[in-house]
Amino acid sequence: MVSVILPDLGTEILIPACAIIGIGFSLLQWLLVSKVKLVPSSAASNNSGAAGKNGYGDYLIEEEEGLNDHNTVLKCAEIQNAISEGATSFLFTEYQYVGIFMVAFAILIFVFLGSVEGFSTKSQPCTYEPLKMCKPALATAGFSTVSFVLGAVTSVVSGFLGMKIATYANARTTLEARKGVGKAFITAFRSGAVMGFLLAANGLLVLYITINVFKLYYGDDWEGLFESITGYGLGGSSMALFGRVGGGIYTKAADVGADLVGKVERNIPEDDPRNPAVIADNVGDNVGDIAGMGSDLFGSYAESSCAALVVASISSFGINHEFTPMLYPLIVSSVGIIICLITTLFATDFFEIKAVKEIEPALKNQLIISTVLMTIGVAIVSWVALPSSFTIFNFGTQKVVKNWQLFLCVAVGLWAGLIIGFVTEYYTSNAYSPVQDVADSCRTGAATNVIFGLALGYKSVIIPIFAIAVSIFVSFSFAAMYGIAVAALGMLSTIATGLAIDAYGPISDNAGGIAEMAGMSHRIRERTDALDAAGNTTAAIGKGFAIGSAALVSLALFGAFVSRASISTVDVLTPKVFIGLIVGAMLPYWFSAMTMKSVGSAALKMVEEVRRQFNTIPGLMEGTAKPDYATCVKISTDASIKEMIPPGALVMLTPLIVGIFFGVETLSGVLAGSLVSGVQIAISASNTGGAWDNAKKYIEAGASEHARSLGPKGSEPHKAAVIGDTIGDPLKDTSGPSLNILIKLMAVESLVFAPFFATHGGLLFKIF
């Protein structure tokens, strides 16, 4: 047993301390955001006495910016309340359905895993050390069920808290835009940081506490302990699936309905208060891009941690009961929280945004700074928390690995994430030629816009796939499947920063919508549009991170599944595996078809309702009558709840059906096939949609001579760009982001049920 520099007691203090610091920092950011008062400034100054620091409560602002217009401030507060109520109502409705699923699936986990040894309560020989006795399979079934519920609840809470802070901050960002783009940026970014740090810290803390509580029962049986922890990842991702699909359908039904009737048919601006779908559209940004993305990245984090822990438990760390090296994945995540905290200060405290052109570089710098600092952090952690040499389980054998090799595994994942982020930015930002070419193609109509957009999406897959391929090769060569799991953790180690810049986008988008609906000046709208345009790019970067990490996580889970199901090799030339491979490659297409058709069906109802209101409510177009926002919110809610069930069932039932009827070999083929095709479709769909969206914004902003030649709003090129954006909406916000959950969720579900499939699976092949 080789000692490490960091003692076990140090590990027991370090992990929860970093998690608590992360939670404390997120609460501090929330407190700073809350200082922006949603009351008219005269009331604010009366309440607070002297003007606050950084202009909070400052009465002496330019009159032309409308700071002292009480009606405007009250209108912003009223719109924010409507958005918050709509988002809360939708999530509570969704969680009722998801809660029923959670209970049913928890029972299924217990019954299936408990039946592996006939619900025996006797200790069994360990799988990888037959001379040792391990806890009964019934205990693993019970603890896996508990960890599943914990993962599901943590995922739901993460998504809900993210949505609450986003709806709390959107109007405050609008009001701060009156003081300048820098103030608005800080408010939006701090709000995103609240979500990022809460999610990263909560995920880490709950997982750490769960491991220590389970350890009280399992004792020295670390193999059983970390097998039961895999339920945590399954719970996180299953909730993320419904959050992503349901939220994605909701937001795009409202968005497409609002755009097609408002922009194309009625030629009114985006977020015009006369448009009945406008509140539903803003609600959708929060339930899809905030709550959905939060649950998604939490799922990735939980699964990569679980995959690494499962493999480590049957390596020298687990066999020799080395506590600190065993929890190396959690130590990496802990240091990640501190690194992200330092990085955030660069955007909010060390430097101030003074011009529109500084917004996007400030967000990009967050990625660069966090990656550089994290590389140093991982090097230190690998030196103090790992022995100089150890063995890692590699499909039946133990592979000797050095600590510097494991550092390189984490680092290669970390830097691959940065490369994927920058490639995504290049293909989706209107500052670069790909999106400008798509915008230029609008001169000849919507058809050429669609052709150019699709070509851009397909081309954008190339470099990210090479980055993922290099990560897989390097990490597997050094540390087998454990290397791939920690490479995925490396990509997710800066999750707090990634989520902060991702959540910033929808908050800025909502801020712009509120400015338009509240009738604020053109200058304010220009500032919120600049924030939103940068946010569109950061949202695409966030999706790129999510997809890239999903590929590595899925492969790591695949390796853990193959080991746990006692499969020595996966031979694609055998019919059992090949049929699984080809069916698995088809599943992302089937899933995408279901989600896109769902958006189309829901959008159709929304379009009909918006048209009906414009045609039947006298004075609506003139602005003298108020639209019925509530009906549009209800249409989106009902449609998304109803339409999210079939895609969710497809993902959750596929591993169960294949494992039970066709066995673990066919299931391994399905997992490999869905991973290979799903990653490609997800990247191209997300980037195509992002490019179409920013091509439209490029024309609308008219910031360059080229852009002005395509505009203004309402011109034929602009109408073509709106159609492209409308087609891209379900691609970038529903199908694309949901696909990464499909490939992760099927893999983690297969891992959890692997003992059952290995014992009782393959019924059809047994019959024939």
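Calculation notes
- Residues numbered from 1 in each chain as written.
- Predicted model: local features only at pLDDT ≥ 70, side-chain atom pairs only at ≥ 80, totals over all residues.
- Heavy atoms only, no water.
- Helix = DSSP H or I, 4+ residues; strand = E, 2+ residues; numbered from the N terminus.
- Rg over C-alpha atoms; globule rule 2.2 N^0.38 Å.
- Buried < 20%, exposed > 50% of the residue type's maximum accessible area, 1.4 Å probe, protein only.
- Contact = heavy atoms within 4.5 Å.
- Areas by Shrake-Rupley, 256 points an atom, 1.4 Å probe, with all protein chains shown as cover.
- Lys, Arg positive; Asp, Glu negative; His and termini not counted.
- Charge placed at Lys NZ, Arg CZ, Asp CG, Glu CD.
- Phe/Tyr/Trp six-rings, centres within 6.5 Å; stacked < 30°, edge-to-face > 60°.
- Axes fitted to C-alpha atoms, helices over the stretch in contact; angles between N-to-C directions.
- Parallel < 35°, antiparallel > 145°, perpendicular 65-115°, else oblique.
- Left-handed = near helix turned anticlockwise from the far one by under 90°.
- Nonpolar A, V, L, I, M, F, W, Y, C, P; charged D, E, K, R; others polar.
- Pairing = 2+ DSSP bridges.

Engineer: Account for the overall build of the protein chain, naming residues and giving values.
Structural biologist: Looking only at helices and strands, the protein chain has 24 helices and 4 strands in total. Against the 2.2 N^0.38 benchmark of 27 Å for 768 residues, the protein chain shows a C-alpha radius of gyration of 26 Å, consistent with a compact globule. For the protein chain, the spread of C-alpha atoms along the three principal axes comes to 80 × 60 × 45 Å. Looking at the protein chain residue by residue over its 768 residues, the buried ones come to 65%. Nonlocal contacts in the protein chain, meaning residues at least 24 apart in sequence, comprise 84% of its contacts between residues at least 6 apart. When the accessible surface of the protein chain is totalled, it reaches about 25800 Å², and 67% of it is carbon and sulfur. Across the protein chain, the centroid of the 47 positively charged side chains sits 1 Å from that of the 59 negatively charged ones.

Engineer: Explain the packing of aromatic side chains residue by residue, including any values.
Structural biologist: The geometry of two aromatic rings is summed up by the distance between their centres and the angle between their planes. Under the criterion given, the structure shown has 27 aromatic pairs. Ring centres of Phe90 and Tyr250 lie 4.8 Å apart, and the angle between their planes is 55 degrees; on these two criteria the pair is classed as tilted. Remark: Tyr250 occurs in helix α6 (residues 222-265) and Phe90 occurs in helix α3 (residues 70-114); sequence separation between them is 160 residues. Classification of Phe90 by relative accessible area gives buried; the value is 0%. Arranged with centres 6.2 Å apart and planes meeting at 80 degrees, the rings of Trp222 and Phe226 form a pair that is edge-to-face. Of the two residues, Trp222 and Phe226 are both situated in helix α6; the distance of 4 residues between them amounts to about one turn of the helix. Just as Trp222 is buried, Phe226 falls in that class too.

Engineer: Would you mind going over the packing of helix α5 (residues 181-218) against helix α16 (residues 495-517) in detail, with residue names and values included?
Structural biologist: In contact at an axis separation of 7 Å, α5 and α16 are set at 135 degrees when each is read in the N-to-C sense. Accordingly, the angle class assigned to the pair α5 and α16 is oblique. Relative to α16, α5 is oriented so that their crossing is right-handed. Contacts between α5 and α16 pair Phe185, Ala188, Phe189, Ser191, Gly192, Ala193, Met195, Gly196, Phe197, Leu199 and Ala200 from the former with Ile495, Ala496, Leu499, Ala500, Ile501, Ala503, Tyr504, Ile507 and Ser508 from the latter. The residue makeup of the contact of α5 with α16, split by class, is 16 nonpolar, 4 polar and no charged.

Engineer: Any chance you could break down the pairing of strand β3 (residues 389-394) for me, citing the residues and the numbers?
Structural biologist: Both β3 and strand β4 (residues 397-402) contribute to a ladder of 6 bridges, which runs antiparallel. Of the residues in β4, the one forming a bridge with Asn394 is Thr397. Connecting β3 to the antiparallel partner β4 that follows it, the hairpin turn spans 2 residues, and Phe395 within it adopts a positive phi of roughly 50 degrees.

On their own, these measurements won't tell you what the molecule is for.
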